[in-house]
Amino acid sequence: MKSIHHLFLAGLLLLGLGATTSAPVSAAEAPKKPAPTMTEITSRDFKTFSVREGVRLYRASFSNQYGMEIVGYMFMPANLEGKGRAIVIGHPMGASKEQASCVYASELASRGFVALAVDQIFWGESGGIPRHGIAPDLYAETFCAAVDFLGTRPFVDREKIGILGICGSGSFVISAAKIDPRMKAVATVSMYNIGEMRRSGIRGSVSLEQRKKVIAEAAEQRYANFLGDPQVFTGGAPFKVDENSPATRKASHAFYHGRGEFVPAGEPFEINTRSDKASNAAFMNFYPFNDIETISPRPMLFIMGEKAHSRPFTEDAYARAAEPKELVVVKDAGHFDLYDRTELIPFDRLERFFADSLK
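Residues numbered from 1 in each chain as written. Predicted model: local features only at pLDDT ≥ 70, side-chain atom pairs only at ≥ 80, totals over all residues. Heavy atoms only, no water.

Side note on the packing of aromatic side chains
- Under the criterion given, the structure shown has 21 aromatic pairs.
- Relative to Y339, the ring of F255 has its centre 5.0 Å away and its plane inclined at 85°; by these criteria the two rings are edge-to-face. With F255 in helix α7 (residues 247–259) and Y339 in helix α9 (residues 337–340), this residue pair connects regions lying 84 residues apart in the sequence.
- Since its relative accessible area comes to 1%, F255 is described here as buried. (Phe/Tyr/Trp six-rings, centres within 6.5 Å; stacked < 30°, edge-to-face > 60°. Helix = DSSP H or I, 4+ residues; strand = E, 2+ residues; numbered from the N terminus. Buried < 20%, exposed > 50% of the residue type's maximum accessible area, 1.4 Å probe, protein only.)

A few points about the pattern of salt bridges
- In this structure the tally under the stated criterion is 22 salt bridges.
- One salt bridge connects R111 with D348, and the closest N-O pair in it is separated by 2.8 Å. Taken together, the residues span a long stretch of sequence, with R111 in the loop between α2 (101–110) and β5 (114–118) and D348 in helix α10 (residues 347–357) at a distance of 237 residues.
- In this structure R111 comes out as partly exposed when scored by relative accessible area, which is 23%.
- Note on D348: relative accessible area 48%, which makes it partly exposed.
- Put simply, K213 and E217 hold a salt bridge, and the shortest N to O gap is 2.5 Å. You can see K213 and its partner E217 sitting in helix α6 (residues 208–226), four residues apart, about one turn around the helix.
- The partly exposed category is assigned to E217, whose relative accessible area is 32%. (Salt bridge = Lys/Arg side-chain N within 4 Å of Asp/Glu carboxyl O.)

A short note on the side chain of E98
- On the secondary structure map, E98 appears in the loop between β4 (84–90) and α2.
- Classification of E98 as buried rests on a relative accessible area of 5%.
- Among the polar contacts made by the side chain of E98, one reaches the side chain of K97 at a distance of 3.1 Å. (Polar contact = N/O pair within 3.5 Å; in protein donor to acceptor, adjacent residues only side chain to side chain.)

Some details on the confidence of the model for the chain
- Averaged over the chain, the pLDDT score is 93; the fraction of residues at 70 or greater is 92%.
- Within the model, the stretch residues 12–20 combines pLDDT values under 50 with three contacts to residues more than four positions away or in other chains. (pLDDT = per-residue confidence, 0-100. Contact = heavy atoms within 4.5 Å.)

What about the side chain of T314?
- Mapped onto the fold, T314 is located in helix α8 (residues 311–320).
- Classification of T314 as buried rests on a relative accessible area of 0%.
- Beyond its immediate sequence surroundings of up to four residues, T314 is in contact with M191, F302, M304 and L327.

Focus on the state of the cysteines
- In this structure the tally under the stated criterion is zero disulfides.
- Here C144 is not disulfide-linked; the sulfur of C167 is the nearest cysteine sulfur, at 20 Å.
- According to the relative accessible area criterion, C144 is buried, its value standing at 9%.
- The closest cysteine sulfur to the non-disulfide-bonded C167 is located on C102, 16 Å from its own sulfur. (Disulfide = S-S within 2.5 Å.)

Some details on the packing of helix α3 (residues 136–151) against helix α4 (residues 169–177)
- One can describe the packing of α3 onto α4 by two numbers: an axis separation of 8 Å at closest approach and a directional angle of 70°. Here α3 is positioned roughly perpendicular relative to α4, judged by the angle of their axes. Contacts between α3 and α4 pair Y139, A140, F143 and C144 from the former with S169, F172, V173, S175 and A176 from the latter. (Axes fitted to C-alpha atoms, helices over the stretch in contact; angles between N-to-C directions. Parallel < 35°, antiparallel > 145°, perpendicular 65-115°, else oblique.)

Considering the environment of M74
- Along the polypeptide, M74 turns up in strand β3 (residues 69–77).
- A sequence separation of 28 residues divides M74 from C102, and the C-alpha atoms of the two residues are 8.9 Å apart.

Below is the structure:
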C-alpha cells in the first residue's frame with residue numbers, strides 16, 4: 001500500500017506542482033522597466049536653491065531594481081569633457097530633493113562633479129505607495145539605483161561615484177554603502193541615525209513604553225489601511241511655534257515652513273514632511289551603524305554643526321567607522337544651518353574629499 005506521502009507527491013505531479021526546478025524567465029519574457037530619461041530644464045528660478053553659472057540642470061528618471069520610479073535633478077558642469085566624477089545626494093528625512101540636497105548638488109557641479117539629487121522612494125516625485133511610506137531597505141536601494149543610472153551614463157566614470165547624505169539620508173547612505181562597493185566614498189552632513197532616533201530619541205529621551213505605544217498604534221493602523229480607510233500621517237516639522245517652543249522645533253519650523261518650504265506638486269500642505277503612520281514602525285528595526293566598519297577602506301567624511309542637537313549620532317558613527325575617516329565640526333552651526341546656509345557649509349572640504357577619493 002502506498003504511503004500518504006507518496007500519494008501526496010503523485011498528486012502534486014499530476015497538478016504540475018511537483019517539479020523541483022523551474023525554467024528561468026528570459027529577458028524577452030520579463031516585464032520591461034521604463035527606460036531612463038534625462039530632460040534638460042532651462043529655468044533657473046527656484047525658491048529653495050539656485051542653479052550656479054556654468055551648470056546645466058536635468059530632470060532624471062529611472063527605476064530601481066523593483067521597477068519603482070526614482071526621480072532626481074542632475075546638475076552637470078557645462079564644460080564637462082569625457083567621463084566625469086559623480087556624487088549621489090540624499091535629502092533630509094521628510095523633505096524632497098528641492099530642500100537641501102539641490103543646494104549641495106548645484107555647488108558641487110560648479111566645482112566639476114556630476115551631482116544627482118534624488119527624491120527618496122515614496123517622497124517627492126519618486127514613485128511608491130503608500131506616500132511618505134517608511135521602508136529603510138528601499139531607501140538604501142534608492143542610492144544603489146542611482147548608481148545604476150549614473151554608472152551607465154556615457155559621461156560618468158563608474159569607478160568614480162560617491163554618495164552624500166543629509167540628515168536622515170546620512171544613515172541611508174551608510175546602509176547602502178555597506179552592501180554596494182560601487183560607492184567609492186561616503187559623506188554625511190547633520191546625520192540622524194533615524195532608527196535610533198525613532199527607538200530612543202535624542203540622548204534617550206523616548207522610553208521603552210513610548211516606543212511600544214508607537215509600534216502598537218502603527219500596527220493597529222494597518223487594519224484601517226487594509227480596509228481602505230484614509231491614510232494617516234504622523235510626526236514631521238511643526239506647523240506652528242511660539243516663544244516657548246524648544247529651539248530645535250523653532251529651527252525646524254524656520255527651515256521647513258520658512259526659507260526651505262517646498263510642497264511637491266499635488267501634495268496637500270497638511271502632510272508636508274509627515275510620515276505614513278502604518279509603516280512608521282519599520283524604523284524600529286533599522287540599525288544602520290551595525291557593521292559600518294566594513295565600508296573601509298573606502299573613505300568616510302562626517303560633517304556636523306558644533307551646536308547641532310544631532311551631534312551624538314555623528315559622533316557614534318565616527319567612533320564605530322574604520323579608517324580612513326574624518327570628522328569635521330562646523331563652528332557655530334546648528335543642525336538645520338547645514339541644510340542651506342552656504343556661508344557655513346564646508347564646500348571646500350567636501351570638494352577635496354570627493355576629488356581625492358574619486359581619483
